[in-house]
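Overview (structure and organization)
As a plain string of letters, each chain reads:
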Amino acid sequence: MPTAHFSALSHLECSRTGTTFDADVVQGTSDVGAPLLARYDLGRVAATVTREQIASRAPDLWRYRELLPVRGERHVCSLGEGMTPLLRLPRYGAQLGVPGLLMKDEGLIPTGSFKARGAAVGVSRAAELGARGVAMPTNGNAGAAWSVYAARAGLGSLIAMPVDAPEITRTECVVAGAELSLVDGLIGDAGKLVAAAVAERDGFQEVSTLKEPYRLEGKKTMGYEIAEQLGWRTPDVILYPTGGGVGIIGIHKALLEMRELGWLEGELPRLVAVQAEGCAPIVEAYERGESESRPVKDAHTVAFGITVPKALGDFLVLDAVRQTDGTAISVTDEELLAAQGELARAEGAFVCPEGAACFAAVHRLRDSGWLRGDERVVVLNTGSGLKYPETVPVDVPTLPVDGRIPSAP
Ligand SMILES: *Cc1c(COP(=O)(O)O)cnc(C)c1O
């Protein structure tokens, strides 16, 4: 048997044209400006690693190291990310008419959002390829995660975010020593400032969403974990709150890789891209039958992490949804905030507004009959509700010390 290597990365491939690129030098997008996808020698992985071996490894995302791009173990920059719980939600599931409802809870990961997965793998690989620092525009959580992981790896970080992004994410950047700028605009405006700044700095790599290939590799591990946690079977449906789309593109990529590895049997799950009505370019493109989205004007939703008016990888999200017989659906802020409270009261889970959007979508899809009710349905909760305290109004009186708590209502 050939020996197992740390990574079986073989090359990068343009997601539009299939042209191949060298994976061992710093790469951004392809020659046609499309995201690059990391490809592995899957035959070698299948011949050298078993699912049982993976099960015996430490409970973090590096257990899938052959399928990750970092070649040298010493470059792994970790804060213990991965293997988050896959929780049954029997009471809330029964309320929604979907008793087989499960939640993959990414609120329990370093920095409190699944952006830690992309940052762990992206920062590790940037360091391995010799970067001195990383630079990115962000809606908050990605900037927080990349700042923290950059600090852990001894790299610099330059972050720009909208002034409206969740306040805690600024704090996370600052405490980790990032160079932070706030922008009176949206993530695209922040992106222009970052691109201009990077052009003037040696050794800083721009790591905007899908403009470098390895964040996707970190996020795809959610797909590996869901399959492993279900005994290497797939659920029937996976719902994902879609902004730039990296998570859903990554889960789709993981499913295809696992099928090629012979690790998965049966149909792929139907993938559902969930957006907020105030910013739903991918849902609109899906409904129009188009392969790419049109930029949204005046985007606005409380689910800040999915406020992406035009995603570079929109066509990949639409492919993932259509190839798996999934769908794309938007919900209102009112619906997602209601779902956030209902879930917390039924199950004690305080999810982020983006995750709550997926629960609101389950509600709608069950009402419309798209979900029959007998499926195993996994919702990705992409972050902790603790990062968004302002989404829950707290309207209670402060009592004088000699006051009385009102009698039970
Ligand atoms: C970034 C983010 C998303 C959207 O992720 P993409 O991979 O860009 O689609 C969803 N939820 C939260 C909490 C986020 O921070």
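Quantities reported herein were computed from a predicted structural model and do not represent experimental measurements.

**A closer look at the UniProt feature "domain: Tryptophan synthase beta chain-like PALP" (unreviewed entry) in the chain**
UniProt marks residues 78-383 with the feature "domain: Tryptophan synthase beta chain-like PALP" (unreviewed entry), using the numbering shown here. Between the C-alpha atoms that bound residues 78-383 the distance is 18 Å, and the span itself is 44% helix and 16% strand.

**Points about the site of the ligand**
The local shell around the ligand holds 18 residues, among which K115, Y240, G243, G245 and T382 are the closest. Here G244 contributes a backbone N or O atom positioned 2.9 Å from an oxygen atom of the ligand. Relative to its free-state accessible area of 380 Å², the ligand is covered by the protein chains to the extent of 96%. Under a 2 Å grid-point criterion requiring more than half of the atoms, the pocket assigned to the ligand is the largest pocket. Secondary structure elements with two or more residues in the shell around the ligand: strand 10 (237-241) and helix 9 (246-261). Considered class by class, the residues forming the shell around the ligand number seven nonpolar, eight polar and three charged.

**Points about the environment of A131**
Summarising the element assignment, A131 is placed in the loop between helix 4 (115-128) and strand 6 (133-137). When the C-alpha atoms of A131 and G100 are compared, they prove to be 45 Å apart, with 31 residues separating the residues in sequence. Excluding its chain neighbours within four sequence positions, the residues that come into contact with A131 are A126, L155, G203 and Q205.

What counts as what
Residues numbered from 1 in each chain as written. Predicted model: local features only at pLDDT ≥ 70, side-chain atom pairs only at ≥ 80, totals over all residues. Heavy atoms only, no water. UniProt positions renumbered as here; feature names shortened; annotations may be inferred. Helix = DSSP H or I, 4+ residues; strand = E, 2+ residues; numbered from the N terminus. Near = heavy atom within 4 Å. Polar contact = N/O pair within 3.5 Å; in protein donor to acceptor, adjacent residues only side chain to side chain. Areas by Shrake-Rupley, 256 points an atom, 1.4 Å probe, with all protein chains shown as cover. 1 Å grid on protein atoms, 1.4 Å probe; cavity = no way out; pocket = protein on both sides within 12 Å on 5 of 7 lines; lining within 4 Å. Sits in = over half its atoms within 2 Å of the grid points. Nonpolar A, V, L, I, M, F, W, Y, C, P; charged D, E, K, R; others polar. Contact = heavy atoms within 4.5 Å.

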